[in-house]
Amino acid sequence: LGYTVYVSSLADGIVSPPSPITFSVSLGWGVTNFTATAPTMVQGVRYAITVESHNAAGTSPLSSPETQTSILKPSAPVADSTSPTNPEEITYRWYKGADTGATGSAWPLLSFKIEMSDFASFANSVFIFDSRWSYGTEINALSFYSHVETNLTIGTTYYFRTFATNEAGTSVA
């Protein structure tokens, strides 16, 4: 029992026969759902995905095409500044990266996460902030973002880095 997945670019309409981006998935007995990631898709291109199943009796007809526009992980956010607001607080500011990973607003950013450490290597780090709880739907509308970290130790140097997340995954820092 297995499936063959065909991925066709819709730049010039549905390609027939399906494009050469093809991969197979073998499933165990009783498995009815699976998730697969197609290789070599290009950001912003609309694709048709069709599937055929295989078993001892033969191969099924191709499924009706499902269409999707591919997205990539967002580019890294850009650190703007850190500034002390009092001896035990730092305000950290950042901007969206150059690319949210998608064309248009169909696949917006979902969140920013900030990692903080007292080592430049981030060997001893903690995630201190997830913007989903602060910015909500405004995450894609603002020109800059900020977070105030409190209860810090006076005289300690702190390092920050930010990650952006969309439906495709999380950026590098």
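First things first, this report covers the structure right here in the doc. Each chain has its residues counted from 1, following the order in which its sequence is written. Residues qualify for local features only when their pLDDT is at least 70, as the model is predicted, and side-chain atom pairs are given and counted only at 80 or more; totals for whole chains, interfaces and linings, by contrast, use all residues. In computing side-chain properties, one takes all heavy atoms of the structure into account and sets aside hydrogens as well as water.

## Considerations on the sheet that holds strand 7 (residues 89-95)
Part 1 of the reasoning: With respect to topology, three strands assemble into an open sheet ordered 6-7-10, the strand pairing being antiparallel. The outermost strands of the open sheet, each flanked by one partner alone, are strand 6 (78-86) and strand 10 (145-149). For this sheet, the mean angle separating the axes of adjacent strands, direction not counted, is 20°.
Part 2 of the reasoning: At least two bridges found by DSSP between two strands is the condition for calling them paired. Strands are runs of DSSP state E lasting at least 2 residues, helices are runs of H or I lasting at least 4, and numbering of each runs from the N terminus. As judged from the seven bridges shared by strand 6 and strand 7, these two strands associate in the antiparallel manner. Within strand 7, the position partnered with Val78 by the bridge is Tyr95. Convention adopted: a line fitted to C-alpha atoms gives each axis, helices being fitted over their contacting stretch, and angles between N-to-C directions are expressed from 0 to 180 degrees.

## A short note on the pattern of salt bridges
Part 1 of the reasoning: Here, a salt bridge means any Lys or Arg side-chain nitrogen found within 4 Å of an Asp or Glu carboxyl oxygen. Taken as a whole and judged by the stated rule, the model has two salt bridges.
Part 2 of the reasoning: The partner of Arg93 in a salt bridge is Asp80, and the shortest N-O contact between them spans 2.9 Å. Residue Arg93 is found in strand 7, and its partner Asp80 is found in strand 6; the two are separated by 13 residues along the sequence.
Part 3 of the reasoning: For the exposure calls, accessible area comes from a 1.4 Å probe over protein chains only, and a residue counts as buried if that area is under 20% of its type's maximum, exposed if over 50%, partly exposed in between. Since its relative accessible area comes to 24%, Arg93 is described here as partly exposed.

## Some points on the packing of aromatic side chains
Part 1 of the reasoning: Note on aromatic pairs: the rings of Phe, Tyr and Trp (six-membered ring only in Trp) are paired at centre separations within 6.5 Å, and the planes decide the class, stacked below 30 degrees, edge-to-face beyond 60, tilted for the rest. A complete count under the given rule lists eight aromatic pairs for this structure.
Part 2 of the reasoning: Ring plane angle 65° and centroid distance 6.0 Å describe the contact between Trp94 and Phe129, whose orientation is recorded as edge-to-face. Of this pair, Trp94 sits in strand 7 while Phe129 sits in strand 9 (residues 125-130), and the two are 35 residues apart along the sequence.
Part 3 of the reasoning: With a centroid separation of 5.9 Å and an interplanar angle of 20°, the aromatic rings of Trp94 and Tyr145 are classed as stacked. With Trp94 in strand 7 and Tyr145 in strand 10, this pair connects stretches of sequence that are 51 residues apart. Accessibility classification places Trp94 together with Tyr145 in one group, the buried group.
Part 4 of the reasoning: An aromatic cluster of at least three residues, connected via ring pairs, comprises Tyr92, Trp94, Phe112, Phe129, Tyr145 and Phe160.
Part 5 of the reasoning: The ring centre of Phe122 lies 4.0 Å from the NZ or CZ of Arg161, which sits over that ring. By definition, being over a ring means that NZ of Lys or CZ of Arg is both within 6 Å of the ring centre and within 35 degrees of the ring normal.

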